[in-house]
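The lines below spell out each chain.
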Amino acid sequence: MPSITLTTVFSVIATVQVFTEPTTLRPLTNTISSTWSPLMKVYRDAFVTGDLYSAAATSIVIAGISLVLSFGFLRVVKNHAFGES
């Protein structure tokens with residue numbers, strides 16, 4: 001159970017930080033915008049428009065969301081996965 005819990009935490013973090021897949025698929029379809037995922041917005045702000053402050057702020061928000069979701073999930077499954085109270 002601890003390995004499944006760790007895998008789920010990593011999956012939550014990876015879901016929040018998806019970047020490569022939409023970037024790779026963007027040339028193939030018109031439905032994926034340059035801000036489809038939060039990291040695509042960070043990339044666009046930092047390297048396309050040159051707005052480093054917005055990119056940095058968005059990165060901090062993404063890190064905070066990842067932190068809250070990860071610790072929230074661990075708090076919910078702590079008793080079952082690790083036998084702690």
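As a reminder, the structure under discussion sits directly above these lines.
Because the structure is predicted, anything quoted here is derived from the model rather than measured. (Residues numbered from 1 in each chain as written. Predicted model: local features only at pLDDT ≥ 70, side-chain atom pairs only at ≥ 80, totals over all residues. Heavy atoms only, no water.)

### A short note on helix 3 (residues 38-48)
- Among all positions of helix 3, only M40, V42, D45 and A46 are buried.
- Contact partners of the buried residues in helix 3: helix 2 (20-25) and helix 4 (52-82).
- Of the residues trailing helix 3, G50 is marked for its positive phi of about 75°. (Buried < 20%, exposed > 50% of the residue type's maximum accessible area, 1.4 Å probe, protein only. Helix = DSSP H or I, 4+ residues; strand = E, 2+ residues; numbered from the N terminus. Contact = heavy atoms within 4.5 Å.)

### Digging into the packing of aromatic side chains
- Applying the stated criterion across every chain yields a total of two aromatic pairs.
- Between the aromatic rings of F19 and Y43, the centroid separation amounts to 5.7 Å while the plane-to-plane angle is 50°, which identifies the pairing as tilted. Note that F19 is positioned in the loop between helix 1 (2-16) and helix 2 and Y43 in helix 3, a separation of 24 residues in sequence.
- Using a relative accessible area of 25% as the deciding quantity, one classes F19 as partly exposed.
- According to the relative accessible area criterion, Y43 is partly exposed, its value standing at 42%.
- Between the aromatic rings of Y43 and F47, the centroid separation amounts to 5.1 Å while the plane-to-plane angle is 50°, which identifies the pairing as tilted. Remark: F47 and Y43 occur in helix 3; sequence separation between them is four residues, near one turn of the helix.
- On the basis of relative accessibility, which here comes to 63%, the residue F47 falls in the exposed class. (Phe/Tyr/Trp six-rings, centres within 6.5 Å; stacked < 30°, edge-to-face > 60°.)

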